[in-house]
Amino acid sequence: MEKALFIIFAVVSVAAALNILLQRNPLYSALSLVGTLIALSALYVMLRAQFIAAIQIVVYAGAIMVLFVFVIMLLNAPKEAPYIEKHKALRFLAIPFAGLLIAEAFYVIRLVKPIQMPASDDSAQAVGTTLSVGTKLFTDYLLPFEVTSVLILMAIVGAMVLARRGED
Amino acid sequence: MQSSITNYLPILLMFLAASGLASILILLPRLLARRRPTEAKLRPYECGVEPVGSARERQSVKFYLVAMIFLLFDIEAVFLIPWAVAFPHVLKDPAYTPLKYVFYGEMMVFMVVLLVGLVYIYRKGVIEWNR
Amino acid sequence: MTDLLLEWTIKIAVILGALLTAVAYSVLLERRIMGFIQLRRGPNRVGPFGLLQPAADGLKLIFKEDIIPSQASKLLYVIAPTLLLIPSLMIFIVIPFGSEIVLFGRKIALQVTHFDVGLLYVLALGSVSVYGIALAGWASNNKYSLMGGLRASAQMISYELALGLSVVGVLIQSGSLDLVEIVRSQGGWNGMHWNVFVSQPLGFLVFFIAALAEANRTPFDLPEADSELVAGYHTEYSSMKFVMFQMGEYCNLIAAAGVSTTLFWGGWMGPGVETYPALSLAYFTAKVFVFVFVFIWIRFTLPRFRYDQLMRFGWRVLLPLAILNIIITATVKLLVS
């Protein structure tokens with residue numbers, strides 16, 4: 001059961017990810033990315049990372065991708081002109097780089113040791129719940145959390161400066 | 001009332017059921033309704049006047065700014081939720097008693113920093129639509 | 001496992017059936033109340049008191065011509081209504097309709113499921129439903145639709161913030177995102193220990209207003225402001241695709257009523273639910289009905305906001321109020337402990 005579900009969601013996420021690249025219309029690419037994110041969040045749930053899965057949808061699918069879709073709709077970005085046609089030399093560079101990427105992926109996969117998943121109703125599955133994330137985040141990882149608030153503030157100022165440049 | 005990971009499965013079931021319903025609703029008129037398209041029927045509706053130009057023009061940058069600011073404050077909300085869930089448990093747990101003021105204080109500091117951001121947004125007039 | 005799957009499937013079927021009926025009749029209810037408020041009768045010809053009106057309307061709409069405008073982006077135009085309808089239906093699997101009842105010698109909990117991140121799941125679905133509206137506006141390739149879609153999405157994301165922050169006070173009370181736990185945390189005082197009485201009147205006010213805006217209801221119905229945008233993002237939609245938008249909107253309305261009830265008005269809690277568990281279902285239904293009535297009442301009482309007022313209200317009034325509510329709730333909780 002769990003294996004079948006994993007395969008389904010894995011295939012969906014990879015297929016949607018491929019679709020991002022194959023689509024010429026940027027809006028369809030953005031929507032495929034939303035599909036990938038949703039399939040990935042299903043995989044997170046299966047890894048017992050329930051809180052992260054929910055946050056993935058709220059922040060990535062519900063906020064970041066909305067921003068992307070907005071930009072595409074507002075700018076009315078034209079259909080992508082094939083970049084490769086303009087830079088023929090890049091085509092030959094692509095093959096070694098793709099090979100490198102595949103080799104790297106294999107290396108990482110070999111490196112990771114399989115972990116023992118807690119049984120379905122084990123107390124160990126509480127690792128990914130909101131409560132355990134909350135307690136850990138605000139006790140052991142207090143400083144990174146406070147630094148994040150300053151980071152968000154900087155992002156707000158940065159967004160304003162970039163968007164309002166040349167207006168005054 | 002232990003909630004286990006299998007409790008997430010109905011999400012998938014409901015998604016399939018809802019998608020099935022949506023597909024039926026899309027297909028029904030295809031099967032039952034007759035179609036007699038004419039050029040005027042398929043034109044974009046502009047109150048009966050010939051459409052002028054395309055709808056896909058560039059829109060005000062304000063919408064984009066609002067989406068950007070929303071994204072940043074949404075991340076703030078995401079931090080508040082696990083904190084709020086853990087807070088009553090920390091207050092109840094005797095092991096955390098010396099820590100409870102720290103636990104309370106750190107979120108207040110976080111919110112003050114973000115309120116500064118909010119005031120900055122007000123001053124910059126992102127929300128002012130008539131400017 | 002098969003046992004559990006069967007139980008879920010039956011519950012989902014029951015909920016879908018009940019929900020579609022409720023949607024059909026809340027449309028009728030809205031039209032009747034609109035009639036009475038405007039000193040006319042409203043639809044009362046089809047069946048007794050017009051009770052068969054939804055069926056007649058449904059039949060009519062199925063046989064209406066299904067138009068896809070020639071300049072639209074065909075695929076997006078077709079899937080946009082499903083992107084609004086599907087998330088709005090999916091919310092209902094975590095809403096607890098009642099406590100446990102015994103049926104055919106088997107204990108049955110009156111919700112499809114519950115899990116650790118229940119409330120975040122509801123908020124996530126709310127944030128995803130922006131796509132349906134934004135894409136409908138864009139795909140139609142019509143100026144009114146695009147403007148309506150843009151307005152709707154900017155409005156929804158603005159008020160989503162206040163919505164997300166207004167529930168934090170409830171979480172400080174319950175210590176859980178699981179909606180079943182949230183209802184159980186309101187069980188004291190003979191079933192009257194509701195959050196809205198105890199500590200969250202301000203939180204409820206913010207949540208209620210933000211939920212109105214999320215559901216694009218008056219006074220926040222600018223996305224479909226008839227006098228300026230024809231019908232907003234669904235100007236170009238006809239036949240069942242129009243019905244899907246309508247269904248999605250009314251599902252969101254009922255969901256807003258259900259979630260407000262669950263979070264702030266004790267859910268299915270009330271006096272006597274301990275001894276008579278079946279009473280819980282009645283309490284929940286009654287509370288949701290009152291909310292739906294109030295939503296409709298507001299629609300025909302208040303005028304529409306102007307767009308700059310709407311944005312300013314969301315960001316400068318509602319958002320600070322939500323933050324204030326969190327600070328007050330947390331401080332009181334700390335001092336009481």
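Since we're looking at a predicted model, the values are computed, not measured. (Residues numbered from 1 in each chain as written. Chains lettered and ligands numbered in written order. Predicted model: local features only at pLDDT ≥ 70, side-chain atom pairs only at ≥ 80, totals over all residues. Heavy atoms only, no water.)

What about the overall build of chain B?
This is how the line gets drawn: Numbering of helices and strands runs from the N terminus; a helix is a DSSP stretch of H or I covering at least four residues, while a strand is a stretch of E covering at least two. Throughout, radius of gyration means the C-alpha value; the globule benchmark is 2.2 Å times the number of residues raised to the power 0.38. Burial classes follow relative accessibility: with a 1.4 Å probe on protein chains only, a residue under 20% of its type's maximum area counts as buried, one over 50% as exposed, and anything between as partly exposed. Working rule for contacts: check all heavy atoms of both residues, and any pair within 4.5 Å makes them a contact.
Counting secondary structure elements, chain B contains four helices and zero strands. Its helices and strands taken in sequence order, chain B reads α-α-α-α from the N to the C terminus. In terms of C-alpha radius of gyration, chain B reaches 26 Å, well past the compact-globule figure of 14 Å for 131 residues. With respect to the principal axes defined by its C-alpha atoms, chain B has extents near 75 × 50 × 15 Å. Here chain B, with 131 residues, has 51% of them falling under the buried criterion. Sequence-distant contacts in chain B: of pairs separated by 6 or more residues, those separated by 24 or more amount to 61%.

Quick look at the overall build of chain C
Rule in force here: Using the Shrake-Rupley algorithm and a 1.4 Å probe, accessible areas are obtained, with residue cover drawn only from the displayed protein chains. For the purpose of counting charges, residues Lys and Arg are taken to be positive, whereas Asp and Glu are taken to be negative. His and the chain ends are not included. Charged groups are reduced to one reference atom each: NZ for lysine, CZ for arginine, CG for aspartic acid, CD for glutamic acid.
A tally of helices and strands in chain C yields 15 helices and two strands. By the compact-globule yardstick of 20 Å for 337 residues, chain C fits well, its C-alpha radius of gyration being 21 Å. Scored against the burial criterion, the 337 residues of chain C give a buried share of 63%. Expressed as a percentage of contacts within chain C between residues at least 6 apart in sequence, the contacts between residues at least 24 apart total 76%. Of the accessible surface of chain C, which amounts to about 12200 Å², a share of 70% is contributed by carbon and sulfur atoms. Between the centroid of the 23 positive side chains of chain C and the centroid of its 20 negative side chains there is a distance of 8 Å.

Regarding the pairing of strand β2 (residues 106–109) of chain C
Residues and elements named next belong to chain C. Operational definition: When DSSP finds two or more bridges between a pair of strands, those strands are recorded as paired.
Relative to β2, strand β1 (residues 100–103) is paired through four bridges, and the arrangement is antiparallel. If you follow V102 over to β2, its bridge partner there is K107. As consecutive antiparallel partners, β1 and β2 are separated by two residues, and within that stretch F104 has a phi angle of approximately 50°, a positive value.

Quick look at a nonpolar patch on the surface
Residues and elements named next belong to chain C. Quick reminder of the rule: Exposure above 30% relative accessible area and the absence of a salt bridge qualify a residue for a patch, where like charges join within 9 Å and nonpolar side chains (Val, Leu, Ile, Met, Phe, Trp, Tyr) within 5 Å. We count a salt bridge whenever a side-chain nitrogen from Lys or Arg sits within 4 Å of a carboxyl oxygen from Asp or Glu.
Taken together, I37, F289, V290, F293 and W297 make up a surface patch of nonpolar side chains, about 490 Å² in accessible area. When residues of the nonpolar patch are assigned to their parent elements, the largest contribution, four residues, is made by helix α14 (residues 278–299). Along the chain, F289 falls in helix α14. Residue classification places F289 among the partly exposed positions, given a relative accessible area of 47%.

Regarding the interface of chain B and chain A
Test applied: Here the quantity called buried area is the accessible surface, traced with a 1.4 Å probe, that two parts lose on coming together, added over both. Polar contacts, as counted here, are pairs of nitrogen or oxygen atoms within 3.5 Å of one another; within protein the pair requires one atom able to donate a hydrogen and one able to accept it, and residues that are adjacent in sequence qualify only if both atoms are side-chain atoms.
Contacts between the two partners involve 51 residues from chain B and, on the opposite side, 44 residues from chain A. With both sides pooled, the region where chain B packs onto chain A buries about 4300 Å², and carbon together with sulfur makes up 78% of that total. Across the contact surface, chain B and chain A share zero salt bridges. Put simply, chain B and chain A have one residue pair in polar contact (both at pLDDT 80 or more) between them.

Some thoughts on the environment of I182 of chain C
Residues and elements named next belong to chain C. Here I182 is to be found in helix α8 (residues 179–184). We classify I182 as buried; its relative accessible area is 0%. Separated by 76 residues in sequence, I182 and G258 place their C-alpha atoms 13 Å apart. Contacts of I182, omitting those with residues within four sequence positions, involve L119, V170, L171, S174, S176, L177, T262 and L263.

Some details on the packing of aromatic side chains
The criterion, for reference: When the centres of two rings from Phe, Tyr and Trp lie within 6.5 Å, Trp using its six-membered ring, the rings pair. Their planes under 30 degrees apart give stacked, over 60 give edge-to-face, and anything left gives tilted. For a lysine, the NZ atom is tested; for an arginine, the CZ atom; a charge sits over a ring if that atom is within 6 Å of the ring centre and within 35 degrees of the ring normal.
By the definition in use, this model includes 32 aromatic pairs over all chains. Between the aromatic rings of F204 of chain C and F208 of chain C, the centroid separation amounts to 5.7 Å while the plane-to-plane angle is 40°, which identifies the pairing as tilted. Placement of the pair is F204 of chain C and F208 of chain C together in helix α11 (residues 201–214), with a separation of four residues, close to one helical turn. The class of F208 of chain C is buried, set by a relative accessible area of 12%. An aromatic cluster of three or more residues is present, and its members are W194, F197, F204, F207, F208, F264, W265, F291 and F295 of chain C. If you follow R316 of chain C out to its NZ or CZ, it ends over the ring of Y122 of chain B, 4.4 Å from the centre.

Brief notes about the interface of chain B and chain C
Bring the parts together and some accessible area is lost; that lost area is often taken as the interface size. Spelled out, the test is: Any residue outside Ala, Val, Leu, Ile, Met, Phe, Trp, Tyr, Cys, Pro, Asp, Glu, Lys and Arg is labelled polar, Gly included; the first ten of those are nonpolar and the last four are charged.
In this assembly, 69 residues from chain B lie in contact with 81 residues from chain C. When chain B packs against chain C, the two sides together hide about 7200 Å² of surface, and 74% of this comes from carbon and sulfur. For the pair chain B and chain C, the interface holds zero salt bridges. Taken together, chain B and chain C are joined by six residue pairs in polar contact (both at pLDDT 80 or more). Looking at the side of chain B that touches chain C, the elements with two or more residues in it are α1 (9–32), α2 (39–42), α3 (61–92) and α4 (100–124) of chain B. Taken together, the residues that form the side of chain B that touches chain C break down as 49 nonpolar, nine polar and eleven charged.

Thoughts on the confidence of the model for chain B
This is how it is decided: Confidence scores here are pLDDT values: one per residue, from the predictor, ranging 0 to 100.
In this model, chain B carries an average pLDDT of 82, and 95% of its residues clear a pLDDT of 70 or more. Looking across chain B, the model is least confident in α2 of chain B, with a mean pLDDT of 76, and most confident in α1 of chain B, with 89.

Looking at the pattern of salt bridges
Residue and element names in this part refer to chain C. One pass over the structure, following the stated rule, counts nine salt bridges over all chains. The salt bridge partner of E7 is K11, with a shortest N-O separation of 2.8 Å. A residue pair is termed a helical-turn pair when its members lie 3 or 4 positions apart in one helix, as E7 and K11 do in helix α1 (residues 2–37) at four residues. The class of E7 is buried, set by a relative accessible area of 17%. A salt bridge links D308 to R312, with the nearest nitrogen and oxygen atoms 3.8 Å apart. Taken together, the residues span about one helical turn, with D308 and R312 both in helix α15 (residues 307–336) at a distance of four residues. Looking at D308, the relative accessible area reads 7%, which means it is buried. Note on R312: relative accessible area 29%, which makes it partly exposed.

Things to note about the nonpolar core
What counts, and what does not: In this description, a nonpolar core means a group of buried Ala, Val, Leu, Ile, Met, Phe, Trp, Tyr and Cys residues linked to one another through side-chain atoms lying within 4.5 Å.
Core analysis: the largest hydrophobic core is formed by 197 residues, its most contacted members being W83 of chain B together with F92, L263 and W315 of chain C. In this structure, F92 of chain C is in contact with I15, L19, F97, C251, I254 and A255 of chain C, ignoring residues within four places of it in sequence.

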